[in-house]
Amino acid sequence: MGSLDKKPLVKVLADKLEKPELDNRSYRVIQLSNELEALLVHDPDTDKASASVNVGVGSFSDDDDMPGMAHAVEHLLFMGTEKYPVENDYNQYLTAHSGYSNAYTGSTETNYFFEVAASSEDVGSQKNGSGNRLTNGDLDAVTSPSNADLPLYGALDRFSQFFIAPLFLEETLDRELRAVDSENKKNLQSDNWRMMQLDKSLSTKKHPYHHFSTGNLATLRDEPRARGLDIRSEFMKFHAKHYSANRMKLVVLGKESLDTLQSWVEEFFSAVDNKSLPCLRWDESGPYAEEDLLKIIFAKPVMESRSLDITFTYQDEEENNLYLCQPHRYITHLIGHEGPGSILAYIKALGWANVLSVGTNTVSPGFGQLTIDIRLTPDGLEKYEEITKIVFQYIALIKHAGPQRWIFDEIKNMKEVDFRFKEKSPATRFTSTTSSTMQKALPRELLLSGERVVREYNEAEIEKGLSWLRSDNYRIHVTSQEFPGDWDQKEKWYGTEYRIQDVPLAFQEAITNALNSKPEDIPKELHMPHKNDFVPTQLTVERKEVDTPSKVPKLIRNDDAVRLWYKKDDQFWVPKASIKITLRNPLVSITPANSVKTALYTMLVHDELSEYSYDAEIAGLEWDFNESNRGLNISVSGYNEKMPVLLEKVLTCMRNIEIKPERFRIVKERIIRSYRNWEFAQPYQHSGSYIQWLRSTIGWSNDQLLAEIPHVSVEEVAEFYPQLLKQVHIEVLAHGNLYKEDALRMTQLVEHIIKPRALPRAQWQKKRNLILPEGSDYTWSRVHKDPAMVNNSIDYFLYVGEINNPILRGKLLLLDQIGSEPAFDHLRTKEQLGYIVWSGSRYGATTMGYRVTIQSERSAEYLEKRINAFLMVLSKNIEEMSPKDFESHKRSMINKRLEKLKNLDSEFGRFQSHISDEYYNFLQAEEDAESVRHITQQQMIDFFGHYIHPDSPHRAKLSVHIIAQSSPKEVAPTLSKDDQLEKIQNTIEKSLVASGVGVDTDKLRARLANVDILGGDQNGITAAILTYLRDDAQIPEEHVNMVAEQAPQLLSTVLPALGVEVQTDDKNLPPVPEVKATTWIENVPEFKASLQVSTAPIPVVDLSTFEELEPKL
Ligand SMILES: [Zn+2]
């Protein structure tokens, strides 16, 4: 046949997209012949290329009896393809090209994405390769050698195969399901997950909103197997049933021309199978059936928190072309308002609440929710019925007022300004969010702007939107650890304690009355907002093109009182700016009591200003006031026009605040709660924070702060804060669309309002770190306070040197690069230690080192051994690495360090971090890249041998172990030996039954009798079980093999949970080296006292080189 007929037809759906003013990307939307839709993005300036595929199926499509299927498929899809069967080929390829990948599963979508370097240094000379313009699917011509070297080309090739011919490799199945299980365990103690699932579990079974979306080993492996299912084939069936080209939206962003990108997309994605599947809908019922409404659900959170949530059923605005007027924006703008007259302002003044937020979402096509979430004070908890009434009274108020054009215009105006000056987002964030947006029914020309801009004032639609806020279609959640206390049920998947009841008649009547209030019955404290004076009107940017944007700010004032850093934007051209002011004062953190008083002071200033500054916030101007070890920090950022107005208000409040006892009480309760709640954070967060604390000379631990709180009174804070302002050194960074005069004037504002004396340099707080001596090995351990926490964690830190050593910094960065993929592959993928596995460099105030962090059900001591074993593997990797691979790692790291700044904020952030670290090394990234460029493989081997290798006599190590209360060490003493034995035998029997094997208890126990169960002899236990299965139960060999495969992993979690430390000598795992014994830290102050301290930061170049001083105004 003539080849002409076979050329796939590509439809262009849009060749221009409505875009922000400064966006120099070009866009094209196409549809391949298999109905796969793709957005091509040519970005001439990007240094990262990226792609994302969004598949229009998610956890709502899980089988009712196999929750987590969609999520499991998302994990398994990456395990090898026919073209690239090696399971970690994809990630190795990405890492070698400065990239990474990730994915997520939603309720109706699954999103996959990656990023890589936009170009490879090697092909710099063949740039004209992209000139071979190809607009059709002529395969041979496209695979020219120049393409093959382009990182994006190779990545797209590998990526597309996951959607064409995934293998679902049998041998990776168990491991990936364990990764899913570990992910679920990580979420088990998280209130976000728990409360989300509680609402889902208490909704109708007729709608898949009811599903448990993550899945775990029981739902995805053990139970289906017990029902006789071949789970691998179930996952493949799910994929076959739901994955289809017409449900896929692809976004590809690269440096190449749109024509080149199009040719690649055609080349790689035309082969995705099109099954012409319909869009998924669930129309039988909404997420809540009638009997699920008008309920109150009382739930007990893990963290100390109190909240009242009111959820209404709402329309799906995505469905009915409502993108033009988006009525929810009008409604949530008013309900969520925090200025005078708002719900929050009123209930805050009553001392009942701290935070109110409101939002809408689409649950599934045709069904939405509108949720009002109110964070309560202890008094507010008692008044939750009153607060609910106030909410309904305010809704009555909005309905009485009717749609107001000027309010809509204010919203429309701000949305337009925000879109017009929207800066580029990083490549991966752009591709993954946009591929998701493509699932929506927006005109393709409006893919970027459709949801961000409101276009039409439509009174009828606003009224229709408001008509969903009724007294017959809501439900209420009340969350608190104390109230009402009589929770009588437990949610199935997370174990959340709760009670559900009908809204009592009297309460329902009160709500209905509130909603039917006449205008005169509504409390006068509630009223519509006033006009917002913060909306910017001047949006001009003076553009002065420069050849190369400056990489350093200038020092335009440098005297005893003030250091003022300034850079006028020279590349992003948005009417925005940021200013950060640090008032240096060592008093801030000199004792834990001072730290607590300072924190209370900053929170009180926030509390005082929140009503006033809300207008600024919604007009795109944000502020913050907080403390660090150096002193107090004030920042204001956003549209620069009204910046000085807000800054003046913040400074005046800081200076003059009169602390009201009733506000003090509320703020103090909040801070106590945040300290207490921190104890319930994830174990890895604790180990990461403690390892920094153990190495620091200043800064206090959570316990130390908490201990001071009861002794702090309102009078003390009132007396204390003026001392923080009395004598300070002022350091300012002013950056963006500002003139020098603006920067100087705002700095003078600080001096005029605060009126401080200058703080001489000799009195500035000096930052230092403690230095771990050569050859040292320390471990500090701590038990996690959450009794239900199942995870342990370890932070394993190897000291390398001081931060201001560019050569060591370069080597550490390169180690970070070389080690990250193998660490993930060994510790997470192969050994399945846990979902959280990180490795890389860790910086302190002045020193740095290499760290490995793992959160796991396995004991911290076991993790310690596995990290040692991994370091032996890594050592060999580096020694045996081919020169080509070594160079590619170097290139990858250099690319990362030289990555372009994406927007104004990222440049501000970079300057700010170099100022606050006090090295003022604005060119550190360039210095790092240069340092990496010169490292030889032999130097890396020597570096590793000295600082990292477990055999090295020079290395200096500090580990932090966070131990779960359910860990063997903690559990063992709580159980008698007989109990332990009994429970273990029981669990083994139960899991055999679950995997479909009948159990003769006596015979099995007889086999187990000869094994040292309590000694954790895992291999012995496994052998006994297998003997029982073969000789006593006489089950088929196939089945025995399956059990043999699962047993070690089962035992490795069952035994520790019952207080037995597992003894493994798995011959498949890399061997554990002998290392010298560790020194346990018993007394932290003594430990700290025994160590030397580092030098404090000194600017890397004389600051006068940055000076460009102006005569004083
Ligand atoms: Zn996952």
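Remember, predicted model here, so these are calculated numbers, not experimental data.

We now examine the sheet that holds strand 10 (residues 353–364). Spatially, 10-11-9-12-8-14-13 is the arrangement adopted by the seven strands of the open sheet, whose pairing is mixed. Each edge of the sheet is formed by a strand with only one pairing partner; in this case those strands are strand 10 and strand 13 (489–490). Pairing of strand 10 with strand 11 (residues 367–376) involves 10 bridges; the strand directions are antiparallel. If you follow Thr360 over to strand 11, its bridge partner there is Leu370.

Okay, the packing of aromatic side chains next. Counting across every chain of the model gives 40 aromatic pairs. Between Tyr601 and Tyr721, the ring centres sit 4.6 Å apart and the planes meet at 10°, which makes this aromatic pair stacked. Pair noted here: Tyr601 is in helix 20 (residues 592–618) and Tyr721 is in helix 25 (residues 714–726), with a separation of 120 residues, a long-range link. Just as Tyr601 is buried, Tyr721 falls in that class too. Their ring planes at 75° and their centres at 5.7 Å tell us that Trp678 and Tyr690 sit as a pair that is edge-to-face. Placement of Trp678 in helix 22 (residues 661–678) and of Tyr690 in helix 23 (residues 683–694) is noted, with a sequence separation of 12 residues between them. Relative accessible area serves as the criterion here: at 25%, Trp678 is assigned to the partly exposed category. A relative accessible area of 2% places Tyr690 in the buried class.

Next up on the list: the coordination of the zinc ion. The textbook angles at a metal center are 109.5 degrees for a tetrahedron of four donors and 90 or 180 degrees for an octahedron of six. The protein atoms that coordinate the zinc ion are His71 (NE2), His75 (NE2), Glu183 (OE) and Glu183 (OE), at distances spanning 2.0 to 2.7 Å. Spacing between the donor residues of the zinc ion along the chain follows H-x3-H-x107-E. One end of the pair, His71, is in helix 2 (residues 69–76); the other, Glu183, is in helix 7 (residues 170–187), and 112 residues separate them in sequence. For the pair shown, His71 and Glu183 are each scored as buried.

On to the UniProt feature "domain: Coenzyme PQQ synthesis protein F-like C-terminal lobe" (unreviewed entry) in the chain. Per the UniProt annotation, the sites labelled "domain: Coenzyme PQQ synthesis protein F-like C-terminal lobe" (unreviewed entry) are residues 814–911. The span residues 814–911 shows a helical share of 62% and a strand share of 18%, and its end C-alpha atoms are spaced 24 Å apart.

Quick look at the nonpolar core now. Membership of the largest hydrophobic core comes to 69 residues, with the highest contact counts inside it found for Ile581, Leu583, Tyr601, Val605, Ile634, Leu651 and Met654. It is helix 20 that contributes the most residues to this core, eight residues altogether. Look past the residues within four positions of Tyr601 in its chain and what remains in contact with it is Phe625, Leu632, Met654, Ile657, Val717, Tyr721, Leu724 and Leu725. Ranked by size, the runner-up nonpolar core spans 56 residues in total, among them Phe114, Leu173, Ala245 and Phe269.

What follows is about unusual backbone geometry. Here the amide bond leading from Phe483 into Pro484 is cis, since omega sits at -5°, within 30 degrees of zero. Here Lys755, not a glycine, exhibits a phi torsion of approximately 50°, which is positive.

Turning to helix 30 (residues 904–916), a few remarks are in order. Here helix 30 is 13 residues long and its end C-alpha atoms lie 18 Å apart, about the 18 Å a rise of 1.5 Å per residue gives. All of the buried residues along helix 30 are Leu904, Glu907, Phe908, Phe911, Gln912, His914 and Ile915. Relative to the axis of helix 30, the buried residues are bounded by an arc of 165° and lie together on one face. One or two steps after helix 30, the chain reaches Glu918, where phi turns positive at roughly 70°.

Of all eight residues making up strand 6 (residues 110–117), eight are buried, and the element is well covered by its neighbours. Pairing between strand 4 (residues 48–55) and strand 6: eight bridges, direction antiparallel. Paired with Lys48 across the strands is Ala117, a residue of strand 6. Judged from the six bridges that link them, strand 5 (residues 100–105) and strand 6 form a sheet pairing that is antiparallel. The partner of Ala103 across the bridge, within strand 6, is Tyr112. The hairpin turn running from strand 5 into strand 6, its antiparallel successor, is four residues long.

Let's shift gears to the environment of Leu1029. Mapped onto the fold, Leu1029 is located in helix 36 (residues 1018–1032). For Leu1029, the contacting residues outside a window of four places in its chain are Leu992, Val997, Gln1034, Ile1035, Val1040 and Val1043.

This part covers the packing of helix 21 (residues 643–656) against helix 26 (residues 740–754). It is the contact of helix 21 with helix 26, at a shortest axis distance of 10 Å, that shows an interaxial angle of 20°. Accordingly, the angle class assigned to the pair helix 21 and helix 26 is roughly parallel. You can see that helix 21 and helix 26 cross each other, and the crossing is right-handed. Judged by residue contacts, Met643, Pro644, Leu647, Glu648, Leu651, Thr652, Met654 and Arg655 of helix 21 engage Met746, Leu749, Val750, Ile753 and Ile754 from helix 26. In terms of residue class, the contact of helix 21 with helix 26 is made up of 10 nonpolar, one polar and two charged.

All right, on to a negative patch on the surface then. Taken together, the side chains of Glu170, Glu171, Asp230 and Glu1045 present a region of like negative charge at the surface. By the element assignment, Glu1045 lies in helix 37 (residues 1037–1057). Exposure remark for Glu1045: the relative accessible area of 55% places this residue in the exposed category.

Within the secondary structure layout, Asp928 lies in helix 31 (residues 924–933). Assessed through its relative accessible area of 0%, Asp928 is described here as buried. Reaching out from Asp928, the side chain makes a polar contact with the side chain of Arg809 at a distance of 2.8 Å. Among all residues touching Asp928, those that are not within four sequence positions of it are Arg809, Leu813 and Arg897.

With their axes 8 Å apart at the nearest point, helix 7 and helix 9 (residues 217–226) run at an angle of 135° to one another. On the basis of the axis angle, helix 7 is oblique to helix 9. From helix 7, Leu173, Asp174, Leu177, Arg178, Val180 and Asp181 reach across to helix 9, where they touch Leu217, Leu220, Arg221 and Arg225. The residue inventory of the contact of helix 7 with helix 9, partitioned by class, reads five nonpolar, no polar and five charged.

Before going further, it helps to spend a moment on the sheet that holds strand 28 (residues 1079–1080). In space, the six strands of this open sheet follow the order 25-26-24-27-23-28, with mixed pairing throughout. A strand with exactly one partner marks an edge of an open sheet, and here the two such strands are strand 25 (836–843) and strand 28. Pairing analysis gives eight bridges linking strand 25 to strand 26 (residues 847–856), with the strands arranged antiparallel. Each bridged residue has a counterpart across the sheet, and for Ser841 the counterpart in strand 26 is Tyr850.

Attention now moves to the pairing of strand 9 (residues 307–314). For a regular strand, the rule is simple: side chains alternate between the two faces of the sheet. Across the eight residues that make up strand 9, a large majority, eight, are buried. Residues Ser307, Asp309, Thr311 and Thr313 point to one face of strand 9 and Leu308, Ile310, Phe312 and Tyr314 to the other, with burial holding for every one of them. Where strand 9 lies against strand 11, eight bridges are found, and the strand directions are antiparallel. Its bridge partner being in strand 11, Leu308 is matched across the sheet by Ile374. Relative to strand 12 (residues 474–479), strand 9 runs antiparallel, the two being bridged by six bridges. The residue bridging Ile310 from the neighbouring strand is Ile476, located in strand 12.

Bringing the pattern of salt bridges into the picture now. Within the structure shown, the criterion is met by 76 salt bridges. We note a salt bridge from Arg745 to Asp742, for which the minimum N-O separation is 3.7 Å. Residue Arg745 and its partner Asp742 are located together in helix 26, separated by three residues, close to a single helical turn. On the basis of relative accessibility, which here comes to 48%, the residue Arg745 falls in the partly exposed class. By relative accessible area, which is 24% here, Asp742 ends up partly exposed.

Rules used in this analysis
Residues numbered from 1 in each chain as written. Predicted model: local features only at pLDDT ≥ 70, side-chain atom pairs only at ≥ 80, totals over all residues. Heavy atoms only, no water. Pairing = 2+ DSSP bridges. Helix = DSSP H or I, 4+ residues; strand = E, 2+ residues; numbered from the N terminus. Phe/Tyr/Trp six-rings, centres within 6.5 Å; stacked < 30°, edge-to-face > 60°. Buried < 20%, exposed > 50% of the residue type's maximum accessible area, 1.4 Å probe, protein only. Donors = N, O, S within 2.8 Å, 3.2 Å for Na, K, Ca; no water. UniProt positions renumbered as here; feature names shortened; annotations may be inferred. Core = buried A, V, L, I, M, F, W, Y, C linked by side-chain atoms within 4.5 Å. Contact = heavy atoms within 4.5 Å. Expected span 1.5 Å × (residues − 1). Arc of directions from axis to C-beta. Axes fitted to C-alpha atoms, helices over the stretch in contact; angles between N-to-C directions. Parallel < 35°, antiparallel > 145°, perpendicular 65-115°, else oblique. Left-handed = near helix turned anticlockwise from the far one by under 90°. Nonpolar A, V, L, I, M, F, W, Y, C, P; charged D, E, K, R; others polar. Patch = residues over 30% accessible without salt bridge, like charges linked within 9 Å, V, L, I, M, F, W, Y side chains within 5 Å. Areas by Shrake-Rupley, 256 points an atom, 1.4 Å probe, with all protein chains shown as cover. Salt bridge = Lys/Arg side-chain N within 4 Å of Asp/Glu carboxyl O. Lys, Arg positive; Asp, Glu negative; His and termini not counted. Charge placed at Lys NZ, Arg CZ, Asp CG, Glu CD. Polar contact = N/O pair within 3.5 Å; in protein donor to acceptor, adjacent residues only side chain to side chain.

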